[in-house]
Amino acid sequence: DNHAQLLVNALKKNPSITSLDLSGNAIKDEGAIALATVNTIKKLDISNNSVTIIGAEILAKSNLQKLSLQDS
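Along each chain, residues carry numbers from 1 onward, in the same order as the chain's sequence is written. Whole-chain, interface and lining totals are the exception, using all residues; otherwise, since this is a predicted model, local features are given only for residues with pLDDT of at least 70 and side-chain atom pairs are given and counted only at 80 or more. Note that water and hydrogens are dropped before the side-chain values are worked out from all heavy atoms of the structure.

Caption draft 1: Local environment of the environment of Thr 18. Tracing the sequence through the fold places Thr 18 in the loop between helix H1 (2-13) and strand S1 (19-21). Of the residues examined, Thr 18 reaches a relative accessible area of 38% and is grouped as partly exposed. In what follows, a contact means two residues having at least one pair of non-hydrogen atoms within 4.5 Å. Beyond its immediate stretch of four places on either side in the chain, Thr 18 contacts Thr 40, Ile 41, Lys 42 and Lys 43. The helix and strand labels rest on DSSP assignments: H or I over at least four residues marks a helix, E over at least two residues marks a strand, and numbering proceeds from the N terminus. Relative accessibility under 20% of the residue-type maximum defines a buried residue, over 50% an exposed one, and the middle range a partly exposed one, all with a 1.4 Å probe and only protein chains included.

Caption draft 2: Structural detail: the side chain of Asn 49. On the secondary structure map, Asn 49 appears in the loop between strand S2 (43-45) and helix H3 (53-60). Within the local environment of Asn 49, its side chain forms a polar contact with the backbone oxygen of Ile 46, the two atoms lying 2.9 Å apart. Within the local environment of Asn 49, its side chain forms a polar contact with the backbone oxygen of Ser 47, the two atoms lying 3.0 Å apart. Two N or O atoms form a polar contact when they lie within 3.5 Å of each other; inside protein one atom must be a possible hydrogen donor and the other a possible acceptor, and for residues adjacent in sequence the pair counts only when both atoms belong to side chains.

Caption draft 3: View of the side chain of Ser 47. Within the fold, Ser 47 resides in the loop between S2 and H3. Of note is the side chain of Ser 47, whose polar atom sits 2.7 Å from the side chain of Asp 45.

Caption draft 4: Highlighting H3. All buried positions along H3 are accounted for by Gly 55, Ala 56 and Leu 59. End-on view of H3: buried residues confined to an arc of 100 degrees, all on one side of the axis. The exposed residues of H3 that point more than 90 degrees off its buried face are Ile 53, Ile 54 and Ala 60. Starting at the helix axis, one direction is taken to each C-beta atom, and the arc is that of these directions.

Caption draft 5: Region of interest: the environment of Gln 65. Relative to the helices and strands, Gln 65 resides in the loop between H3 and strand S3 (66-68). A relative accessible area of 65% means that Gln 65 is categorised as exposed. Sequence separation of Gln 65 and Lys 42 is 23 residues, and the distance between their C-alpha atoms is 5.1 Å.

Caption draft 6: Quick look at unusual backbone geometry. Its identity is not glycine, yet Ala 26 carries a phi of approximately 60 degrees, on the positive side. Along the chain, Ala 26 turns up in the loop between S1 and helix H2 (29-35).

Here it is in structure tokens:
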């Protein structure tokens, strides 16, 4: 999740990135919550991570148009 925060900081400086596939990267709720703050991301795949209902609910309330959470 510490790496997720670094990624979030980089994404906020690069608004042209609108889609991410971060499946299988050991992301937990803290990382998911940080990713939810990136308003330019429209499609996010965080399948096969350790996101619980807490992180999923926050992502669902974000600006995402498509969210994949399979097996999280």
